[in-house]
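Fold and geometry: a report
Below are the chains, spelled out letter by letter.
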Amino acid sequence: MASASSPAAAAGAGAGAGAGGGKDDEFADLARRLVEALARYADRLPFDLDRQKLRSLTTLAAIAITLLFAWKLLRAPQEQPRRPRRRAAPSSSNTSSISRPGPGALISTDACTSSADSRAHEAVNQLFHPVNLTLEQLVRHKLSEGRRVTCRLLGVILEETTPEELQNHVTVRTSVMEVLLEIAKFCDVYLMERILDDESGEKVLSALSEAGLFASGGLIKDKVLFCSTENGRTSFVRQLEPDWHIDTSPEIVHQLARFIRYQLHISPQRPERIASNVFSSTSLEQYFGGLDQR
């Protein structure tokens, strides 16, 4: 009996050591993958990082995640060891077939390795998974909690780009309506434009109304301002003293850079930055499409 129990105990101890070694290998593999992912992520940043500091931070992050996984594994209920069944001594006729490992053992080993790799990859992906923000959160973030916004109509809210076009037709850009209404929920919004005659102003107001921008909780009709010169729009902005001004004219943006806290320059081409408080985008809705423009 003593000789029979000794090999079983040794086999159990070897299995426990193998399991412990497997967990250690999995933690080491996870830490290595995490460090590599952080290094690749740091290379894509638009600014330089101190590699020594990054190495320290990644080491701390790897240790923290390793401890977290270890704590979860220790808390998980361990499977009770099964009592070995007594088996009859194999006959000489089937000894060779029993001693050979079946293909299931190889498949099980490959499945365990694949499972460990997938868990490590999933953990790294979850760590760097982008945060999905709502439109309201994006607007508040981009406007830095600004409470008053002035905005040009031509080329930003309207499809038309010149005052001459407003004499014939006025078309509201449908793609900008959702963003504009979201801004109007928590900002005092003023729209302004240079026009050549009063009929153009009436057409603009009619188009904005038909688009539903003056509905409950939207824009205010009395805050749509018209002028006959470009200097008149500049004067409007300086008198209103907004937190943000949105315009397509680089000359006006340059003139107001000293007086307005922030400006957004809308241009089909991304121009050179006029000042540190001036941002640029191809459209208003594109600027609020993500956090990478700020």
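Structural notes, computed from the coordinates. Quick caveat, the model's predicted, so the values are computed rather than measured.

The strand order across the open sheet built from six strands is β3-β2-β1-β4-β5-β6, with neighbouring strands paired in parallel fashion. Every interior strand has two partners, whereas the edge strands, β3 (224-227) and β6 (278-281), have only one. Across this sheet, the average inter-strand angle for adjacent strands is 20 degrees, counted without regard to direction. Direction of pairing for strand β4 (residues 244-247) relative to strand β5 (residues 262-266): parallel, over a ladder of four bridges. Following the sheet pairing, D247 is matched in β5 by H265.

In an α-helix, one turn spans 3.6 residues, which is why side chains three or four residues apart end up on the same side. Across its 13 residues, helix α8 (residues 198-210) extends 19 Å between first and last C-alpha, which sits within 8% of the 18 Å expected from 1.5 Å per residue. Among the residues of α8, S200, G201, V204, A207 and L208 are the ones counted as buried. When α8 is viewed along its axis, its buried side chains cluster within an angular range of 125 degrees and face the same direction. Looking at α8, the residues exposed on the side facing more than 90 degrees away from the buried face are D198, E202 and E210. In the core, the buried residues of α8 are packed alongside α6 (163-166), β2 (188-194) and β3. Just downstream of α8, G212 is the residue with a positive phi angle, here 85 degrees.

What counts, and where the lines are drawn
Sequence order sets the numbering: in each chain, residues are counted from 1 along the sequence as written. Confidence filtering applies because this is a predicted model: local features only for residues at pLDDT of at least 70, side-chain atom pairs given and counted only at 80 or more, and all residues used for totals across whole chains, interfaces and linings. Side-chain measures here rest on the full set of heavy atoms in the structure, leaving out hydrogens and waters. Any two strands with at least two DSSP bridges between them are considered paired. Elements are defined by DSSP. Helices are runs of H or I of four residues or more, strands are runs of E of two residues or more, and each kind is numbered from the N terminus. Axes, fitted as lines to C-alpha atoms, cover a helix only where it is in contact. Angles between the N-to-C directions of the axes lie from 0 to 180 degrees. A helix's residues, less one, multiplied by 1.5 Å, set its expected span. Exposure classes here rest on a 1.4 Å probe applied to the protein chains alone. A residue is buried below 20% of its type maximum, exposed above 50%, and partly exposed in between. Regarding the arc, it is the one traced by the directions from the helix axis to the C-beta atoms. Any two residues whose heavy atoms approach within 4.5 Å at even a single point are treated as in contact.

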